[in-house]
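# Structure assessment
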Amino acid sequence: PGQATMRVIPGARQSLEELKLELDRIAAEVVSRRGKPFLATVSRAKDGGFTVTARGNAVHSSVADTGSNALWLLSEIAAELRPAPSAVSQVLEIVRLGFVDDHYGVRLGLAYEHAMMGKLLVAPTVLRVKEDSAVLSVNMRRPAGKTKQEFSAALDGALKQLQEKLDARIEESRERYVGDPAIADLEGPLVPTLMDVFQRVTGQPARPISVRGGTYARLFPGAVSFGPNFPGRTYRGHSPDEYIDLDAL
């Protein structure tokens, strides 16, 4: 996410003016520590109090480690503010303790990697407030190297860790989905042929790589996902203002 917001109202014996000064100070300090492209603004909310808006750089979850997650910034601002206990403050603390500065699941005890497919990628993507609860969606792109059962056991351990550290009422809100990583047949007829075509047309060396996105190629025996991104170019698929350069097309 490139943007995340929260509404803040004064605590007991605190005026709006005092809260505004505190929010401005905290936002400036946290942004200064983080640096660009992070930004934060404080504005009056229509229904009272203030709206804190954290901004980063939105990217597709398959390349989350190239972006700047706005939820990181918002959770750090909330921690400095020390809000009254609530579902929202707890979930923001989960973001801060479990995800900030960690794209690869190290803090949650989930990290592992595969020689070709690389590291597990972990990103908190959506935080929604529903009546008396707050729900955080987490997107993970996992490589080969662990079975579904092994990875699910690791997820169980991460949840237990958060429950013990923060609050026993933290729970999974819906059934999790754990997919199977897909690796094409690198020695079959398609991959060498496509590598040869790429090299002859572009004049660039070619090698098969792994991407963290899903592909319908996994549904067909022997199929290969090919293109459309070129080496050295920023991947713009599924991102704001999605496009492809004409010469690349």
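Enumeration over the complete set of coordinates arrives at 16 salt bridges. For arginine 33, the salt bridge goes to glutamate 80, with nearest N and O atoms at 3.4 Å. Placement of arginine 33 in helix α1 (residues 16–34) and of glutamate 80 in helix α2 (residues 70–81) is noted, with a sequence separation of 47 residues between them. With a relative accessible area of 35%, glutamate 80 lands in the partly exposed category. As a salt-bridge pair, glutamate 93 and arginine 96 come within 2.7 Å of each other at their nearest N and O atoms. Of this pair, glutamate 93 and arginine 96 both sit in helix α3 (residues 87–98), three residues apart, roughly one helical turn. Residues joined by salt bridges that share partners form a network here, namely Arg34, Glu76 and Asp101.

Our next topic: the packing of aromatic side chains. Given two aromatic rings, their pairing is described by the distance between the two centres and the angle made by the two planes. Applying the stated criterion across every chain yields a total of one aromatic pair. Over the ring of tyrosine 104 we find lysine 119; its NZ or CZ atom is 4.7 Å from the centre of that ring.

Here we take up α2. With 12 residues, α2 extends 17 Å between its outermost C-alpha atoms, agreeing within 8% with the 16 Å of an ideal straight helix rising 1.5 Å per residue. By the criterion of burial, α2 is predominantly enclosed, with 10 of the 12 residues buried. Among the residues of α2, those classed as buried are Ala70, Leu71, Trp72, Leu73, Leu74, Ser75, Glu76, Ile77, Ala78 and Leu81. Two or three places before leucine 71, at the opening of α2, asparagine 69 has a side-chain oxygen 2.9 Å from that residue's backbone nitrogen.

Backbone-to-backbone hydrogen bonds join strands into a sheet, with any given pair of strands oriented parallel or antiparallel. Read across the sheet, three strands follow the order β1-β3-β2 without closing on themselves; strand pairing throughout is antiparallel. Two strands lie at the open edges of the sheet, namely β1 (3–8) and β2 (39–44), each paired on one side alone. If you compare each strand with its neighbour and ignore which way they point, the axes differ by 20 degrees on average. Most of the contacts of α1 go to β2, to which it runs at about 170 degrees, and overall it touches β1, β2 and β3 (50–55).

The next point concerns the packing of α2 against α3. Viewed as axis vectors pointing N to C, α2 and α3 meet at an angle of 115 degrees, and their least axial separation amounts to 8 Å. Here α3 runs roughly perpendicular to α2, going by the angle between their axes. The handedness of the crossing between α2 and α3 comes out as left-handed. Residues Leu71, Trp72, Leu74, Ser75, Glu76, Ala78 and Ala79 of α2 lie in contact with α3, whose contacting residues are Leu92, Glu93, Val95 and Arg96.

What follows deals with the confidence of the model for the protein. The predicted coordinates of low-pLDDT regions are not to be read in fine detail. On average, residues of the protein score 92 in pLDDT, and 100% of them are at 70 or above. At the level of individual helices and strands, the protein shows its lowest average pLDDT in helix α5 (residues 190–202), which scores 92, and its highest in β3, which scores 98.

Let us now look at the pairing of β3. Here β1 pairs with β3 via six bridges, running antiparallel. Bridged to alanine 4 within β3 is alanine 54. Counting the residues that bridge the hairpin from β2 to β3 gives five residues, and of these glycine 48 lies at a positive phi of roughly 105 degrees.

As for its placement among the helices and strands, phenylalanine 198 is situated in helix α5. Residues phenylalanine 198 and glycine 227, spaced 29 residues apart in sequence, show a C-alpha to C-alpha distance of 9.7 Å.

Okay, the nonpolar core next. Taken as a class, soluble globular proteins show a tendency for nonpolar side chains to be buried jointly. Judged by nonpolar contacts, the single largest core of 39 residues is most densely connected at Met6, Leu23, Val52 and Ile77. Elements supplying a minimum of two residues to this core: β1, α1, β3, α2, α3 and α4 (148–165). Filtering out sequence-adjacent residues up to four positions away, valine 52 remains in contact with Ala4, Thr5, Met6, Val8, Leu23, Thr41, Val42, Leu74 and Ile77.

Cut-off values and rules
- Residues numbered from 1 in each chain as written.
- Predicted model: local features only at pLDDT ≥ 70, side-chain atom pairs only at ≥ 80, totals over all residues.
- Heavy atoms only, no water.
- Salt bridge = Lys/Arg side-chain N within 4 Å of Asp/Glu carboxyl O.
- Helix = DSSP H or I, 4+ residues; strand = E, 2+ residues; numbered from the N terminus.
- Buried < 20%, exposed > 50% of the residue type's maximum accessible area, 1.4 Å probe, protein only.
- Phe/Tyr/Trp six-rings, centres within 6.5 Å; stacked < 30°, edge-to-face > 60°.
- Lys NZ or Arg CZ within 6 Å of the ring centre and 35° of its normal.
- Expected span 1.5 Å × (residues − 1).
- Polar contact = N/O pair within 3.5 Å; in protein donor to acceptor, adjacent residues only side chain to side chain.
- Pairing = 2+ DSSP bridges.
- Axes fitted to C-alpha atoms, helices over the stretch in contact; angles between N-to-C directions.
- Contact = heavy atoms within 4.5 Å.
- Parallel < 35°, antiparallel > 145°, perpendicular 65-115°, else oblique.
- Left-handed = near helix turned anticlockwise from the far one by under 90°.
- pLDDT = per-residue confidence, 0-100.
- Core = buried A, V, L, I, M, F, W, Y, C linked by side-chain atoms within 4.5 Å.

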